[in-house]
Structure formats: structure tokens, C-alpha cells
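One letter stands for each residue in the lines below.
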Amino acid sequence: MSLARVSAILVVIWIVVSAWIIATPIGGVLPAATDHAQSIDFLFKFMMVASVAVFLIVQGFLLYFCLTYRLRKGESEDLIGSDIHGNTRLEIVWSIIPTIFLIVLTAMSFKVYADIVATPKHAYIIDAVASQFQWECDHPSTKPEIKEFNTCHMPLGEVTVKLHARDVIHSFWVPEFRVKQDAVPGYPTEMHFTTIRTGQYRLICSEFCGVGHSEMYAKLYVMNQKDFDAWVKQQEQANSGGGNLSNLSFSKDIEPIFTAHCAACHIAQHFANLNLGSYQGLQAGGNVVPGPIVKPGNHKASTLWQITGTTGPYPGGARMPLGGPYLSTTELTKITNWIDEGAKNN
């Protein structure tokens, strides 16, 4: 088979594979939830198409030359091939083409990067605080300020996330957003994007941060403006002491408190559906705490109330969550009323 025919076959293969790469939407597997996603997907496909070309050229001609110039049966092992040295035209071509490709790739990458770091004028601001091993999302524009633990709500539109770390380096990553940013202790960082798709996503720490790294994730919700405004109003009422603090539901009122403040450290032993166990199995430190975790009808005799309250003394020697941030007044009131109402599993 001639070199020209091999070249033609490789070109056809490259066209077919490239067409498949271009036609296959990444969003079909991983939805695009921000404005950056489409440009990053395009950049990824551009690199894939170029990588296929390089792979076919190198591997295709390598295989061709190995087969064409192999030692055939009956030929001497000392046979000397043609004396060929240098090809200036070929060397210029294989130097110029990669150079042009890298220049184009650099320009495209810089354009995408510039869009990512550009600060929007009217963005909704979220302060994301990372610590081993949980996410805290604060909303500084709300009064009183809304603080979320292991959940994060944001509206459709321009969003700025200001990142902080309390202990070690973490990284804010939502796969559907296609962007991520490190949270560095003592060095505030930011990320900017415009959300374009509502839904529930998974906020992941993508920087190894300790033994609980694999469990450091949160639920992130992108909501339309009407639903987001309603959620903000509900949270502000709850934080200011408003809202219903009687006939409390375990699943709606109590379990979210535990998920936000306790679940990162404590083993999953169940009272009803409450993952509190016996406070054994802390990842770092802690003592075995005697007594009933929840004593229905008597919050003062319940370890859950004693160990999270504001006054102490605290079973085990320290107030929980260990090192804070501690439960709000509204959260403590909910726990108190839920226990006194019989600690119903509903």
C-alpha cells in the first residue's frame, strides 16, 4: 500500500472521528449549568480533535513504516537500507503546524480564562467557607444573614462566590459548572459565573483535605428568581425567630440541623432516624458521653440539648459542634420543642 493511500485513509478516519466528537453534546452526559460551560466544552472538543490528529499521524505512520520496512523472510540481517538524511521541508512543516496550533489554543484558552475571571457588576454574592469536612455558604445581603451548612442556594443569573478556608486548602467544584477555584487559608479567592439552568447539583471539594475528604460535599440548588426570593424570605423569618416552632417534624426541622452541623464527624447510629448514636466515633478527639441522647418529653435530660446549648456544662467536656460554628437560637429552640413534644419520628 502506498504512502499516499495510507495518508488518505488516516485523513478519512480523522474526519469521521472528529465529526463524532463535534456532534456529540457533552451536555447530554453532563448538563451545562453556567455560561462558561459551553465555551469550556468547545475548548475541550477542539483539543480532542487536535489530539486525534496527532495520534493518527504518529501511530498510523509508525505502524505503516514498521510493516513496510520490516525485515522480510530470506533477507540478510545485515541488510542496509537506503541512506536518507534530513528533509528540510518536512522539518519546517512539523515545526510550523504545532506552533500554529499552540498559538491558537493559547488565544482560545486566554479568552475563556478572561471571561471566567471578569467581575460582573450586579452579581449575587455568596461567601463560601470551607473547613474539614463541610461547606458553609453565607448570604451577606440578607438580614439577618443566612448561613447554610452543607447546602448552598443561589439564583439564576450572575453569581460571585467568595471563597475562604479555615484550615487547609480546599477547592470549590460543581461538575456542571465546568469551573472550580481553590479556597486557601488566609488568601481570599473568588469565582464568577452566570447560572443558566435550575436544578440540584453536587458541590464537591476537589482538593485532598484530610481523612474525610471523600465525604466533603454539599447539595447546591440553582433556583429561578421567584423561588429563590421565597426561600430567602422563609430563611430570614426562621433566623429572626419567626415561623412555626411547634408541631415540629423530624424530617423537615430536625434532620437538616444534624446534617448541617453533626453528620460530618459522627457515626451513623440511629435513634428513630437521627444519626447521633452515642457520640462515639469522632474523627478527631472527643470522649464517650454517657446518658440518653434524646429523652422524649425532657429536653434538659437529653444529651443532644445539653451538648449543643449555650450554658454548659457540656457532657464530654466541649460544646458541639466542636470548634463551632454553633447552633443558632432558632435551631436550639427547635431541638428543645421537638424533644418536649415527644421527639416524634415524622
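Residues numbered from 1 in each chain as written. Predicted model: local features only at pLDDT ≥ 70, side-chain atom pairs only at ≥ 80, totals over all residues. Heavy atoms only, no water.

Just to check I follow, could you spell out the packing of helix α2 (residues 35–68) against helix α3 (residues 88–117) for this structure?
Helix packing for two helices is described by the angle between their axes and how far apart those axes are. At a closest axis distance of 10 Å, the pairing of α2 and α3 adopts a crossing angle of 165°. Put simply, α2 runs roughly antiparallel to α3. For the pair α2 and α3, the crossing hand works out as left-handed. Every residue of α3 that contacts α2 at H36, S39, I40, F42, L43, F46, M47 and A50 is listed here: F101, V104, L105, M108, S109, V112, D115 and I116. Of the residues in the contact of α2 with α3, the class split is 12 nonpolar, three polar and one charged. (Axes fitted to C-alpha atoms, helices over the stretch in contact; angles between N-to-C directions. Helix = DSSP H or I, 4+ residues; strand = E, 2+ residues; numbered from the N terminus. Parallel < 35°, antiparallel > 145°, perpendicular 65-115°, else oblique. Left-handed = near helix turned anticlockwise from the far one by under 90°. Contact = heavy atoms within 4.5 Å. Nonpolar A, V, L, I, M, F, W, Y, C, P; charged D, E, K, R; others polar.)

Any chance you could explain the sheet that holds strand β3 (residues 146–149) here in plain terms?
Each strand in a sheet pairs with another by means of backbone hydrogen bonds, the pair being arranged parallel or else antiparallel. Read across the open sheet, the five strands follow the order β3-β2-β1-β5-β8; overall the sheet is mixed. The outermost strands of the open sheet, each flanked by one partner alone, are β3 and β8 (189–195). Recorded for the sheet is a direction-independent mean angle of 25° between the axes of neighbouring strands. With seven bridges joining them, strand β5 (residues 157–165) and β8 adopt antiparallel strand pairing. If you follow G157 over to β8, its bridge partner there is T195. (Pairing = 2+ DSSP bridges.)

Teacher, can you tell me more about the packing of aromatic side chains here?
Two numbers describe a pair of aromatic rings. These are the distance of the centres and the angle of the planes. Taken as a whole and judged by the stated rule, the model has nine aromatic pairs. When the ring of F61 is compared with that of F65, the centres are 6.2 Å apart and the planes differ by 25°; the resulting orientation is stacked. In this pair, F61 and F65 are both assigned in helix α2, four residues apart and thus about one turn of the helix distant. Ring geometry for F177 versus F193: centroids 4.9 Å apart, planes at 50°, classification tilted. Taken together, the residues F177 in the loop between β6 (170–173) and β7 (180–183) and F193 in strand β8 connect sequence positions 16 residues apart. Here the two residues F177 and F193 agree in accessibility, since each one is buried. (Phe/Tyr/Trp six-rings, centres within 6.5 Å; stacked < 30°, edge-to-face > 60°. Buried < 20%, exposed > 50% of the residue type's maximum accessible area, 1.4 Å probe, protein only.)

Would you explain the sheet that holds β7 in this entry?
If you trace the five strands from one edge of the open sheet to the other, you get β4-β10-β9-β6-β7, paired in mixed fashion. The strands lining the two open edges of the sheet, one partner per strand, are β4 (151–155) and β7. Strand after strand, the sheet turns through a mean of 25° between neighbouring axes, direction not considered. With two bridges connecting them, β6 and strand β9 (residues 199–205) associate as antiparallel partners. Along β9, the bridge assignment pairs F172 with C205.

Teacher, can you tell me more about helix α5 (residues 250–261) here?
An α-helix turns once per 3.6 residues; consequently, residues spaced three or four apart project the same way. Over its 12 residues, α5 extends 15 Å from the first C-alpha to the last, a length consistent with the 16 Å expected when each residue adds 1.5 Å. Within α5, the full set of buried residues consists of F250, D253, I254, I257, F258, A260 and H261. (Expected span 1.5 Å × (residues − 1).)

Quick question: what am I supposed to make of the side chain of T308 here?
Of note, T308 is situated in helix α6 (residues 303–308). A relative accessible area of 3% means that T308 is categorised as buried. For T308, the residues in contact, after removing those within four places along its chain, are R319, M320, L327 and L332.

Sorry, what's going on with the confidence of the model for the chain here?
Mean pLDDT over the chain stands at 83; residues scoring 70 or higher make up 88%. Within the chain, the element-level pLDDT minimum falls on strand β11 (residues 270–271), averaging 46, and the maximum on β6, averaging 96. A low-confidence stretch, residues 268–273 stays under pLDDT 50, and its non-local contacts, those more than four residues away or across chains, total 13 contacts. The low-confidence segment residues 278–288, where pLDDT is below 50, has 23 contacts with residues more than four positions distant or belonging to other chains. (pLDDT = per-residue confidence, 0-100.)

Would you mind showing me how to read α2 here?
Compared with the 50 Å implied by 1.5 Å per residue over 34 residues, the 50 Å span of α2 between its first and last C-alpha is a close match. Among the residues making up α2, those that are buried are H36, A37, D41, L43, K45, V49, A50, V52, A53, L56, G60 and Y64.

I keep staring at the environment of N345 and nothing clicks. Help me out?
As for its placement among the helices and strands, N345 is situated in the segment after α7 (329–340). What makes N345 partly exposed here is its relative accessible area of 46%. Residues N345 and F250, spaced 95 residues apart in sequence, show a C-alpha to C-alpha distance of 5.7 Å.

Help me understand the pairing of β4, please; the structure alone is not making it clear to me.
Looking down a regular strand, the side chains alternate between one sheet face and the other. A large share of β4 lies buried, amounting to four of its five residues. Both β4 and strand β10 (residues 217–223) contribute to a ladder of five bridges, which runs parallel. Residue pairing for β10: H153 is matched across the bridge by Y221.

Would you explain the packing of α5 against α7 in this entry?
With their axes 10 Å apart at the nearest point, α5 and α7 run at an angle of 130° to one another. As summarised for this structure, α5 and α7 are arranged oblique, according to the angle between their axes. α7 is crossed by α5, and the crossing has left-handed handedness. Residues F250, D253, I254, I257 and H261 of α5 lie in contact with α7, whose contacting residues are E331, K334, I335 and W338. A per-class count over the contact of α5 with α7 returns five nonpolar, one polar and three charged.

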